[in-house]
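The lines below spell out each chain.
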Amino acid sequence: MAYQHIKMPATGEKITVVDGKLSVPDQPVVGYVEGDGIGPDITRACLRVWDAAVEQAYDGKRKIHWCELFMGEKAAEIYDGNYFPDETLEALKDLIVSIKGPLTTPVGGGFRSLNVALRQELDLYACVRPVRYYAGVPSPMVHPELVDIVIFRENTEDVYSGIEYKAGTPENEKVAKFLREEMGAEFFEGAGLGIKPVSAFGTKRLVRKAIRYAIDHKKDSVTLVHKGNIMKFTEGAFRNWGYEVARDEFGDVTITEDELYSVYGGVQPEGKIVIKDRIADIIFQLLQLRPAEFSVLATLNLNGDYLSDAAAAHVGGVGIAPGANIADYVAVFEATHGTAPKYANLDKVNPGSLLLSGVMMLEYMGWQEAADLINSALTKVIADKTVTYDFARQMPGATEVKTSQFGDLLIAKIRGETAALVAAAEAHRAQVEAEKSKLEEQRQANPAEAMKEAGRQPHAVADIMHKVVTVKGTESVAEVMHMMRESRISSVVVEPDDKGEWGIMTQRDIMRKIINANRSPARVVVNEIVNRPLVMVSRDTTLTEASSKMLEANIRRVVVGASGTPIGVVSDMDLFRTVEEYGWGGE
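As the structure is a computational prediction, the values presented were derived from the model and not from experiment.

Engineer: Sorry, what's going on with the packing of aromatic side chains here?
Structural biologist: Working definition: an aromatic ring pair is given by the centre-to-centre distance plus the angle between the planes. Inspection of every chain in the model, using the stated rule, returns seven aromatic pairs. Ring centres of Y32 and W66 lie 6.1 Å apart, and the angle between their planes is 85 degrees; on these two criteria the pair is classed as edge-to-face. A residue pair is termed long-range when its members are at least 10 positions apart, and Y32 in strand β4 (residues 28-33) and W66 in strand β5 (residues 65-69) qualify at 34 residues. Judged on exposure class, the residue Y32 and its partner W66 are both buried. Measuring from centroid to centroid gives 5.4 Å for Y343 and Y389, while their planes differ by 40 degrees, and the two rings are tilted. Taken together, the residues span a long stretch of sequence, with Y343 in the loop between β16 (331-335) and α11 (352-364) and Y389 in helix α13 (residues 389-392) at a distance of 46 residues. Of the two residues, Y343 and Y389, neither departs from the other in class, the shared state being buried.

The structure is reproduced here in structure tokens:
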């Protein structure tokens, strides 16, 4: 289309979508909005850093051709008071990838937030917020270096959808009357009312994007964050629909957390992403105590709003927190802080939020090498304690620099220490992997304890079972006794007999059939004292059902099976320990 004030670069090619994937040329045209308040200061600095990183990473073979777009106060000056011109909206769609500084919502009635308008007009349904620590940044955490997550927040539904009715209005009274008289709802008179829509469509497209991100960026898990224990038909539905997407569309590359423990013994198979879920209030605690347990989080709108800013506080605050709002393909990356007008044109503030949003943008474009250079350069400049005022006042011995100078220091690192920056990026990835490996070892050694530490509440036998140890019926009891003592187990599963029936031999069988009968274990084979057939239950058998099964059959353990094959054992002591550690009873 022909633009009135927007000037497309004379060179460069537009980013396109080919066969459902982003196609990024070596010379792409990318849009940018300068922003209001401190926006011009931080945008000028960031443009220079992004350009330097791209040039250095690709030996000048790639270059971004920038196209300025207009929103906010600058747009109002150019477009006769219009803060969000139609041609800017069209350009954002046309260019597909853009980045913007902070924007001011005009004062006065009738104006909606520009950021909200942007999300609604472009259907930017996924708010994506990476949270990662950069060494040297002041943090309240003891080990902030363990924080490395990406939050996918649903942007269009939940209580933020804007379906509200003010107390005392005719609309409110009409809705209240319907809820009370037609639906039997009870609530106080004079209550303000809001609607919380959560749909399968909105949920699935968000979780789908989160899983695809995990695949593309080699993340090991996606956690569905919800309050489904209370709001079963909205938040609970979000959880259930999320698992459906993983199972139906990504079944070849995902496993559930149940399967991680029950099928794989806590060892995550190569190339598989674990899909799990956590209650919303618990996740705030876990991100402080066990942040390495999580990689990608997918959550509804309200929970995601809280979680994004709370997590950012762990690693230095929203001043350096990046963000993006993304549709199926169109993406607008943005600074997550406000316009801070009192610092406008002072060349003073930290450009970190916008800078790192640009790193997100480069990763979205598939230009990881350039993104790595900026990430590593930022870490080194902060380690040198040459920082803007917000960090300088919290770092003893720091040298305060201007926004533009901070950009200069980053560029100097990118151009002068390229090899070291690449090595640092690899070292960071190795550190993350090492921490994940440590957690895997803990899962293997003690699944129940690892589950508790990770915030997972056991519900089914698959959550607490121990991996079975299988022996042949022809082995001597003495040999098996020795193995049981060495392995510290109280039972073994015995391979099928001629009838195809599995069996079990326990310590109690040895006491009753060997010791009490005054027989020599060396002269007795397992088949002579084994119990057949097994009492076998499925992996999703609840702990209450397992307890009932033990009482009915007068046994002390059940064997968990899959497709007729034993995969785990749960004893009465396992149930006792679970109740003692986790508690018991209703919600």
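From this point, the narrative continues.
Engineer: For this particular structure, what's the right way to read the sheet that holds strand β22 (residues 503-506)?
Structural biologist: On the basis of which strands lie adjacent, the open sheet formed by three strands has the order β20-β21-β22 and mixed pairing. Unpaired on one side and paired on the other, β20 (470-471) and β22 mark the two borders of the sheet. Pairing of strand β21 (residues 491-494) with β22, which is carried by four bridges, proceeds in the antiparallel orientation. Paired with V492 across the bridge in β22 is M505. Most of the contacts of helix α18 (residues 477-487) go to β21, to which it runs at about 130 degrees, and overall it touches β20, β21 and β22.

Engineer: Teacher, can you tell me more about unusual backbone geometry here?
Structural biologist: Most peptide bonds take the trans form, and the phi angle of most residues other than glycine is negative. Cis rather than trans, the peptide bond between R532 and P533 has omega equal to -10 degrees. Here P533 lies in the loop between α19 (507-515) and β23 (536-537). A positive phi angle is found at N345, which is not glycine, with a value near 65 degrees. One non-glycine residue with positive phi stands out, namely N518, at about 55 degrees. With respect to the helices and strands, the residue N518 is situated in the loop between α19 and β23. For N518, a relative accessible area of 73% corresponds to the exposed category.

Engineer: Sorry, what's going on with the pattern of salt bridges here?
Structural biologist: Side chains bearing opposite charge may pair, as long as their charged atoms lie close to each other. The final tally for this structure, using the stated rule, is 37 salt bridges. As a salt-bridge pair, E235 and K196 come within 2.9 Å of each other at their nearest N and O atoms. Taken as a pair, E235 in helix α7 (residues 235-249) and K196 in the loop between β10 (193-194) and α6 (200-216) lie far apart in primary sequence, 39 residues in all. With respect to burial, E235 and K196 carry one shared label: buried.

The rules behind these values
- Once a new chain begins, its residue numbering starts again from 1 and follows that chain's sequence as written.
- Given that this is a predicted model, residues contribute local features only at a pLDDT of at least 70 and side-chain atom pairs are listed and counted only at 80 or more, while totals for whole chains, interfaces and linings are drawn from all residues.
- Neither water nor hydrogens contribute to the side-chain values; these are computed over all heavy atoms in the structure.
- Note on aromatic pairs: the rings of Phe, Tyr and Trp (six-membered ring only in Trp) are paired at centre separations within 6.5 Å, and the planes decide the class, stacked below 30 degrees, edge-to-face beyond 60, tilted for the rest.
- Helix and strand definitions here come from DSSP, where helices need a minimum of 4 consecutive H or I residues and strands a minimum of 2 consecutive E residues; each element is numbered from the N-terminal end.
- Three labels apply to residues, based on accessible area from a 1.4 Å probe with only protein chains included: buried if under 20% of the type maximum, exposed if over 50%, partly exposed otherwise in between.
- Two strands are said to pair when DSSP picks up at least two bridges between them.
- Any two residues whose heavy atoms approach within 4.5 Å are treated as being in contact.
- Angular values range over 0 to 180 degrees, each being the angle between N-to-C directions of two axes fitted as lines to C-alpha atoms, with helices fitted over their stretch in contact.
- Any Lys or Arg side-chain nitrogen found within 4 Å of a carboxyl oxygen on Asp or Glu counts as a salt bridge.

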